[in-house]
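# Reading the structure
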Amino acid sequence: VALSSRPMAPRGPRRIEPLFALAGGAPMSTLRYTAKLLASPDGATLYSGHTDGLLRVWDARTGEPRATWRAPDTRSTIALLALSPTGDRLVAAIDRALVVFDAARGAVVASHAVLPGAALSLAPVPGTEVVVVGADGGTATVLTFDGDVRATVRHGEAVLAVAASPGGREFVTSGRVERAEVLRW
């Protein structure tokens, strides 16, 4: 299964992204108002975060919708998604909050309004149950896929990109003024 990178039939800021079958390239389903897409490790499930605050779950093989979830108290865009290595937890960054979902049931496991600014970048830490989130307020927050905040590290400016070393004790942050930092927590 592949996703088109070009908008189809755009209407203002809304985008319509068709989901295509690899064999034949025929559209299988259409994802409307999509802000972020993420595939499960086995490729069977597709998660889509939307500009209307919904998180949708799709069967990646058929293009059929499986479920629709909403984060508590929000209608804001789900801008970033990360799936735990085991595939049982899904972190969604929404404005200044991080919401952790049970990836099978859609239940909210944890919700944190911990970011000093809007979430701009998100990176799972290889081989761990930890994710690093960069924010507009100049911080990188380290949290588990169960929703526990482990550390908040100051970068100094908006964190546009994050990447973590295997094991996650070190990570790199990058900002707007051609500056990258290696940070430890």
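Residues numbered from 1 in each chain as written. Predicted model: local features only at pLDDT ≥ 70, side-chain atom pairs only at ≥ 80, totals over all residues. Heavy atoms only, no water.

### Here we look at the sheet that holds strand β17 (residues 170-174)
Overall, antiparallel pairing links the three strands, which are arranged β16-β17-β18 in an open sheet. The sheet is open, and its two borders are formed by β16 (161-164) and β18 (180-184), each paired with just one other strand. The mean inter-strand angle of the sheet, taken between neighbouring strand axes irrespective of direction, is 20°. Here β16 runs beside β17; their pairing, made up of four bridges, is antiparallel. For A164, the partnering residue across the bridge sits in β17 and is F171. (Pairing = 2+ DSSP bridges. Helix = DSSP H or I, 4+ residues; strand = E, 2+ residues; numbered from the N terminus. Axes fitted to C-alpha atoms, helices over the stretch in contact; angles between N-to-C directions.)

### Quick notes on the sheet that holds strand β13 (residues 130-135)
Taken together, four strands build an open sheet; the order of strands is β12-β13-β14-β15 and the sheet is antiparallel. Edge positions in the open sheet fall to β12 (119-124) and β15 (149-154), since each of these has one partner strand only. Recorded for the sheet is a direction-independent mean angle of 20° between the axes of neighbouring strands. Note that strand β14 (residues 139-144) and β15 share five bridges and pair antiparallel. In the sheet register, L143 faces β15, and the bridge partner there is V149.

### A short note on the confidence of the model for the protein chain
In this model, the protein chain carries an average pLDDT of 76, and 77% of its residues clear a pLDDT of 70 or more. Summarising per-element confidence for the protein chain, the mean pLDDT is lowest in strand β1 (residues 2-3) (36) and highest in strand β7 (residues 65-70) (89). Here residues 1-18 is modelled with pLDDT under 50, and outside its nearest four sequence neighbours on either side it reaches 40 contacts, counting other chains as well. (pLDDT = per-residue confidence, 0-100. Contact = heavy atoms within 4.5 Å.)

### What about the pairing of strand β5 (residues 45-50)?
With six of its six residues buried, β5 lies for the most part within the structure. Side chains of β5 alternate between two faces, with T45, Y47 and G49 and L46, S48 and H50 buried alike. Relative to strand β6 (residues 54-59), β5 runs antiparallel, the two sharing five bridges. Counterpart to T45 in the pairing with β6 is D59. (Buried < 20%, exposed > 50% of the residue type's maximum accessible area, 1.4 Å probe, protein only.)

### Structural notes on the pattern of salt bridges
Where side chains of opposite charge bring their charged atoms close, a pairing between them can arise. With the rule as written, the count across this model stands at four salt bridges. Between D59 and R66 there is a salt bridge; the shortest N-O distance is 3.4 Å. The exposure class assigned to R66 is partly exposed, which follows from its relative accessible area of 46%. Between R105 and D102 there is a salt bridge, with the nearest N and O atoms lying 3.3 Å from each other. For D102, a relative accessible area of 12% puts it in the buried group. (Salt bridge = Lys/Arg side-chain N within 4 Å of Asp/Glu carboxyl O.)

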